[in-house]
Amino acid sequence: MKPLIYGNLLDEQTRCVHYHSNIDIIAIKFHCCREYYACYKCHQEKAGHHLSQWPQEEWDEQAIFCGSCKTELTIEKYMEQTSCPNCAHPFNEKCSLHYPVYFDI
Ligand SMILES: [Zn+2]
Ligand SMILES: [Zn+2]
Ligand SMILES: [Zn+2]
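Residues numbered from 1 in each chain as written. Chains lettered and ligands numbered in written order. Predicted model: local features only at pLDDT ≥ 70, side-chain atom pairs only at ≥ 80, totals over all residues. Heavy atoms only, no water.

**Student:** Could you give me a rundown of the coordination of the zinc ion (ligand 3), with the residues and numbers involved?
**Tutor:** Within the protein, the zinc ion (ligand 3) binds to Cys66 (SG), Cys69 (SG), Cys84 (SG) and Cys87 (SG); these donor distances fall in the range 2.3 Å. Each of the four donor atoms bound to the zinc ion (ligand 3) contributes to angles spanning 105 to 112°, and the resulting shape is tetrahedral. In primary sequence terms, the donor set of the zinc ion (ligand 3) follows C-x2-C-x14-C-x2-C. Of this pair, cysteine 69 sits in the loop between β4 (62-66) and β5 (71-74) while cysteine 84 sits in the loop between α2 (75-80) and α3 (99-102), placing them 15 residues apart in sequence. Overall, the relative accessible area of 24% leaves cysteine 69 in the partly exposed class. (Donors = N, O, S within 2.8 Å, 3.2 Å for Na, K, Ca; no water. Tetrahedral: all angles 85-135°; square planar, octahedral: opposite > 155°, others 65-115°. Helix = DSSP H or I, 4+ residues; strand = E, 2+ residues; numbered from the N terminus. Buried < 20%, exposed > 50% of the residue type's maximum accessible area, 1.4 Å probe, protein only.)

Given below as structure tokens:
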């Protein structure tokens, strides 16, 4: 089931005004509000509160949404992969630069 995804979305695969290359297909559920946003900039603009990072003991939470096949992944699983384990769509590897924004590393 597709969760509700917030942000300045551009398309069904959760690309947004900030990140919209071919491989920008995931949305992330935020620890602070348990809501999905396309990216942290979308969260910053729309959420009205500061974000908090997922602590490591909660990395088994399903908090990553693949916009290509519409399935959710756990944070742990997502961090092990460079493409979606369900549909094989490649993920944006540059997203890993932003892990500290989302996850308590
Ligand atoms: Zn939030
Ligand atoms: Zn965005
Ligand atoms: Zn997928």
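**Student:** With reference to specific residues and values, describe the sheet that holds strand β1 (residues 5-6).
**Tutor:** Strand order in the open sheet formed by five strands is β1-β3-β2-β4-β5, with mixed pairing between adjacent strands. Of all strands in the sheet, those with a lone pairing partner are β1 and β5, marking the two edges. In terms of strand pairing, strand β2 (residues 26-29) meets strand β3 (residues 36-37) through two bridges, oriented antiparallel. Its bridge partner being in β3, lysine 29 is matched across the sheet by tyrosine 36. (Pairing = 2+ DSSP bridges.)

**Student:** Explain the pattern of salt bridges to me, using residue names and the numbers behind them.
**Tutor:** Scanning the model with the defined rule gives four salt bridges in all. Between aspartate 11 and arginine 15 there is a salt bridge, and its shortest N-O distance comes to 2.8 Å. (Salt bridge = Lys/Arg side-chain N within 4 Å of Asp/Glu carboxyl O.)

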